[in-house]
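# Tertiary structure, described
Now for the letters of each chain:
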Amino acid sequence: MTHEISLAGNFGEPRPNHFHGGLDFRTEGVEGKPIMTIGDGYVSRLTVGKSGFGNAVYVTHPEGYTSVYCHLKRFSPRLERLLKQWQYANESYEADVRLRPTDCPVAQGQLIAFSGNTGHSFGPHLHLEIHDTRTWDMLDPLEFLGKYVNDTVPPQIHDIRMYPQPDGGVGFAVYADDYMQNSSNHYGIRLTQLLVEGREVFRADVSGIPGSCNRMVNSWGDYDYFHDHSRWYLKTFIEPGNTLPILHADEHRGIVYFPEDRDYHLEFILTDYFGNQTKKQLVVHGGEASPQQGRMEGSPKIKWNTTNVISRPGMQLVVPYGYVGVDTPLDIVVEPTDSLSFVYRFSEHSTPLFYDAELSLAPRQEVRDPSKLYVVSHFGKDIALGGTYNDGWVTTRVRDLGGSFELLYDDVPPVIESKTTDGDPLLRFNISDEGSGVQSYKGYLDGQFILFKAQTQGLTVNARGTTLIACRLTNTPVPPTGRDRRLRLVVTDNRNNEQVFETTIKY
């Protein structure tokens, strides 16, 4: 990076359903800043349109880690050539290019890309992740780049909440942020400790996070409070089903008991990567505690320590052991309708799971082609979840039990709308599908594949709604002839309905 380092986000910040997996570097509000590799190695992967990263470069280093550079505007000329070769060979704009160590070796400081705003990005910046190459655990990039960042500002504790437990103990949670000078941003906390009478009962050290545990952030934090108020209270106790390895606690899982009629002294200590530290003392007067009232036993729940199978007419939900942090109450409603299935609601509120559960719905009537059935989630916005039909059931994966679910049928092909001006070598089309969502698109000129690229920022092709795609003919391998050429565009949705647009153009 050729400008002063300023961070918009740090490693491990809690987000809904995931930790922030890297560092966000400001690029002065513009795109096109040169991006160099942080060490010797080789480019092992290029992706376009994957995992919200937009355009991304992966560099594998001999020391055992892989650096990932995301939201890029474009790659270096050498990498652009490799990408284009793959896209034409696979007839796909979305790309996942895997490279061998000898394909593209790089040296520290070598240009690999230019910064941008692609993928799930809300402004120009560089998102840098570092992973253990063998385990793919996320590592804090400050361990590699901390010497280039200036930070003398300690974290700040805004508030502390108490969570009475059914057995009379108390859990605590801290709402806090870290800060850096010359920045209005707030950041996640690297190290959180709770001491009771001078003895550590809880520690959270956000130095490395297994990707498989990403959604457990919802259990460490008070997800329900965040969902309603956009503030993360991070617990200094561990829910029984939460196996995040960054969390450590005593034999009581960090829950504190105050059995004696006296003052107990608690100390919360928050430390950032650079050793800046803040402390907060709390005095709690103890005494005999009475167990807290629990939810009625008759209320249906997802239990954390068993496999849960929930069945209703035409529906089965399977949530295996360890998919939630604590027993999670549900409010199951089956709404009769005249449509293909009943509408099933498990919770009025967002109820995320650690891993994807399996939901199966059965159609209430025969349909001409069962492969056109798919599950849709109604929660804020409709999301097509797809699904596979087998033996009278459509089965899909669900990550959040909030909202409602039902079966829909899609035998309508996508819509293609030409936005191209006659004689313009830039071909532009709007493609859309309001059913199961667009799966793929392919363009051909006189039968030869030409690459269309998605132009709409923030939207992926594999989604409902409208996406603008474009192809500049002068950037394709097809040479101009000045004669009439046959243009063919094929768009397919997620139920394999196909729309074909054909026309004659002069090129």
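Residues numbered from 1 in each chain as written. Predicted model: local features only at pLDDT ≥ 70, side-chain atom pairs only at ≥ 80, totals over all residues. Heavy atoms only, no water.

Let us now look at the overall build of the protein. The helix and strand tally for the protein stands at 4 helices and 42 strands. Taken along the three principal axes of its C-alpha coordinates, the protein extends 95 × 60 × 35 Å. Looking at the 507 residues of the protein, the share that counts as buried comes to 50%. A sequence separation of at least 24 residues applies to 64% of the contacts in the protein between residues at least 6 apart. When the accessible surface of the protein is summed, it comes to about 23,900 Å², and 47% of that surface belongs to carbon and sulfur atoms. Counting 48 positive and 63 negative side-chain charges, the protein places the centres of these two groups 7 Å from one another. (Helix = DSSP H or I, 4+ residues; strand = E, 2+ residues; numbered from the N terminus. Buried < 20%, exposed > 50% of the residue type's maximum accessible area, 1.4 Å probe, protein only. Contact = heavy atoms within 4.5 Å. Areas by Shrake-Rupley, 256 points an atom, 1.4 Å probe, with all protein chains shown as cover. Lys, Arg positive; Asp, Glu negative; His and termini not counted. Charge placed at Lys NZ, Arg CZ, Asp CG, Glu CD.)

Moving on, we come to the side chain of D493. Assignment of secondary structure puts D493 in strand β41 (residues 484–493). Although buried, D493 forms no salt bridge, and the nearest oppositely charged side chain, K372, lies 5.9 Å from it. For D493, the side chain forms a polar contact with the main-chain nitrogen of N497, separated by 2.8 Å. Once you skip the residues sitting within four places of it in the chain, D493 turns out to touch D410, V412, P413, P414, D433, S436, G437, V438 and Q439. (Salt bridge = Lys/Arg side-chain N within 4 Å of Asp/Glu carboxyl O. Polar contact = N/O pair within 3.5 Å; in protein donor to acceptor, adjacent residues only side chain to side chain.)

For the protein, the average pLDDT comes to 94, and 95% of its residues sit at 70 or higher. Low pLDDT (under 50) marks residues 458–462, which in the prediction has 15 contacts with non-local residues, meaning those over four places away or in another chain. (pLDDT = per-residue confidence, 0-100.)

Another aspect to go through is the nonpolar core. Membership of the largest hydrophobic core comes to 55 residues, with the highest contact counts inside it found for V43, V57, Y69, F75, I112, I450 and F452. Filtering out sequence-adjacent residues up to four positions away, V57 remains in contact with V43, R45, L46, S67, V68, Y69, L72, F75, L79, I112 and A113. Counting residues in each nonpolar core, the second largest holds 37 residues, with A176, L194, L244 and I246 among its members. (Core = buried A, V, L, I, M, F, W, Y, C linked by side-chain atoms within 4.5 Å.)

What follows covers empty space enclosed by the protein. Under the definition given, this model contains 3 cavities of 30 Å³ or more. The wall of the largest cavity is formed by 14 residues, among which N10, L142, G188, R190 and Y273 lie closest to the centre. A class-by-class count of the residues in the lining of the largest cavity yields 7 nonpolar, 2 polar and 5 charged. In this model, the second largest cavity occupies a volume close to 40 Å³. Lining the second largest cavity we find V174, A176, I189, T192, L234 and L270. (1 Å grid on protein atoms, 1.4 Å probe; cavity = no way out; pocket = protein on both sides within 12 Å on 5 of 7 lines; lining within 4 Å. Points joined across faces, edges and corners; volume = space filled by probe spheres on them. Nonpolar A, V, L, I, M, F, W, Y, C, P; charged D, E, K, R; others polar.)

Below, the discussion takes up the sheet that holds strand β15 (residues 170–177). Taking strand neighbours across the sheet as the criterion, the 3 strands line up as β14-β15-β19 in an open arrangement whose pairing is antiparallel. Two strands lie at the open edges of the sheet, namely β14 (156–164) and β19 (234–235), each paired on one side alone. As judged from the 8 bridges shared by β14 and β15, these two strands associate in the antiparallel manner. Residue I160 lies in a different strand from β15, and its bridge partner there is V174. (Pairing = 2+ DSSP bridges.)

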